[in-house]
Amino acid sequence: MQENLLKYLLPIDGHVEHELHDDGDVQDMYDLHKCQGTSFINLQIHAVDSCCLSTHASRQSDVCLWRLHASVIREGPEFAIKSLNNIHSCGCDIMSDGHSRTSKKWVANAVKGKLVDKPTYRASKMMRDIHLDYAWWGKEVAVSSLYGDFRTSYHMLHWYSERALQSNSGSVFSLEVDPETQRSKRFFICFQASAYGFEVGCRLMLFLDGTHIKQHRVQGVILAASALNGNNELFTVAYSIADSKTYDNSVWFLQNLKKALLSDRRIAFLSDRGKGMKEAIPDIFPNDHHGYYFQHIMQNLNDQCAGKYAAPFKKLLRKILQRIAYAVTEQEYQDTLMAMELNSADAKEWVL
């Protein structure tokens, strides 16, 4: 027995297929093509083997309750889904075609590659690995079902930007797409309310940092500019998703940030001296201050400069560095810098 599965090709990437399961998928398809300005939808019908008549199904239920009813509008090519019962009573949504239980052959195929590399592969380890692998895959399927496919979401960034600007006028959104692959390269977001909140309710300090996206199918970094409000709470001003933490992406992020800020007030930027930011901030904000996270400098002293010293002496150098960083007068700064030099000339040069 066969069933028909409806799929359509994404307008940007003609190699990516997306399935249609319900009215929500149809609406997403319509919104995506309208956003891209395309008038033609590449809709395909695939005949697939039904698993509703598996041996597992026959034991549990005489007839699977899953049903989809659709009809052609006038003479086509459009159609309308009239009703959908998306609940299976046959168990086909949690097993492979025709197999109610995992067979010996299936397990053998799943672990064959690992046995080649490790002949002593134990059965208990096989069970843990299979459970872990398929638990992750099951989680991905569930996440995709709830929130949509990752690639489809990235394709809808143009649509999201237009809708967000309609309801948040004055915001700054900037999306760049790789001209060769047509994949999203970087995306900047600063809502008008966030820029206004920084202008009227935060100190003139912006903390710049980046973090890597730890989802194995979606690589990249998130760059963020945050402030402190009157209650010493972090206040997100702007953020960006980029493919990597480079000088080019840092410059692009800061250029968009400069457009989003509502005034030319002098700001004190703070960063971890990360790749790109150290060079980009003086280029984009030449009249502003740039400070560095003390914790990051302390860690660098510990790793790069004081690594050759014994633990007690290393602890002394860290204490002197802390006094240098927190000096409130020029004389106090010079005195503590001299104390660093008396203990280690190399450490003083490293600090400078």
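In case you missed it, the structure is sitting above this.
A quick note: this is a predicted structure, and the numbers were derived from the prediction, not measured.

Colleague: An account of the packing of aromatic side chains is needed here, citing residue identities and associated values.
Modeller: Counted according to the given criterion, the structure contains nine aromatic pairs. Aromatic side chains F207 and Y293 sit 6.5 Å apart centroid to centroid with 20° between the ring planes, which places their arrangement in the stacked category. With F207 in strand β8 (residues 205-212) and Y293 in the loop between β12 (289-292) and α10 (294-305), the pair connects residues that are 86 residues apart, well separated along the chain. Relative to F313, the ring of Y309 lies with its centre 5.0 Å away and its plane at 70°, an arrangement referred to as edge-to-face. The exposure class of F313 is partly exposed, given its relative accessible area of 24%. Chaining the aromatic ring pairs together yields one cluster made of Y160, F173, F187 and F191. The ring of F198 is capped by R265, whose NZ or CZ atom sits 5.6 Å from the centre of that ring.

Colleague: I'd like a description of the sheet that holds β8, backed by residues and values.
Modeller: Pairing in this open sheet of seven strands is mixed, and the strands run β6-β7-β10-β9-β8-β11-β12 from one edge to the other. Strands with a single pairing partner mark the edges of an open sheet, and in this sheet they are β6 (172-177) and β12. Each adjacent strand pair in this sheet contributes to an overall mean axis angle of 20°, direction not counted. With six bridges joining them, β6 and strand β7 (residues 184-190) adopt antiparallel strand pairing. Pairing of L175 across the sheet is with F187, part of β7. Contacts from helix α8 (residues 247-260) reach β6, β7, β8, β9 (221-228), β10 (234-242) and β11 (268-271) within the one sheet, and its direction differs from that of β7 by about 30°.

Colleague: Describe the pattern of salt bridges, and please don't skip the residues or the numbers.
Modeller: Scanning the entire structure with this criterion turns up five salt bridges. Here R186 and E176 are joined by a salt bridge, their closest N and O atoms 2.9 Å apart. Taken together, the residues span a long stretch of sequence, with R186 in strand β7 and E176 in strand β6 at a distance of ten residues. You can call R186 buried: its relative accessible area is 7%. Note on E176: relative accessible area 27%, which makes it partly exposed. Between D248 and R186 there is a salt bridge; the shortest N-O distance is 3.2 Å. Pair noted here: D248 is in helix α8 and R186 is in strand β7, with a separation of 62 residues, a long-range link. A relative accessible area of 42% means that D248 is categorised as partly exposed. Through salt bridges with shared partners, one network takes in E176, R186 and D248.

What counts, and at which threshold
Residues numbered from 1 in each chain as written. Predicted model: local features only at pLDDT ≥ 70, side-chain atom pairs only at ≥ 80, totals over all residues. Heavy atoms only, no water. Phe/Tyr/Trp six-rings, centres within 6.5 Å; stacked < 30°, edge-to-face > 60°. Helix = DSSP H or I, 4+ residues; strand = E, 2+ residues; numbered from the N terminus. Buried < 20%, exposed > 50% of the residue type's maximum accessible area, 1.4 Å probe, protein only. Lys NZ or Arg CZ within 6 Å of the ring centre and 35° of its normal. Pairing = 2+ DSSP bridges. Axes fitted to C-alpha atoms, helices over the stretch in contact; angles between N-to-C directions. Contact = heavy atoms within 4.5 Å. Salt bridge = Lys/Arg side-chain N within 4 Å of Asp/Glu carboxyl O.

Note that every value here comes from positions in space, so none of it alone points to a role or purpose.
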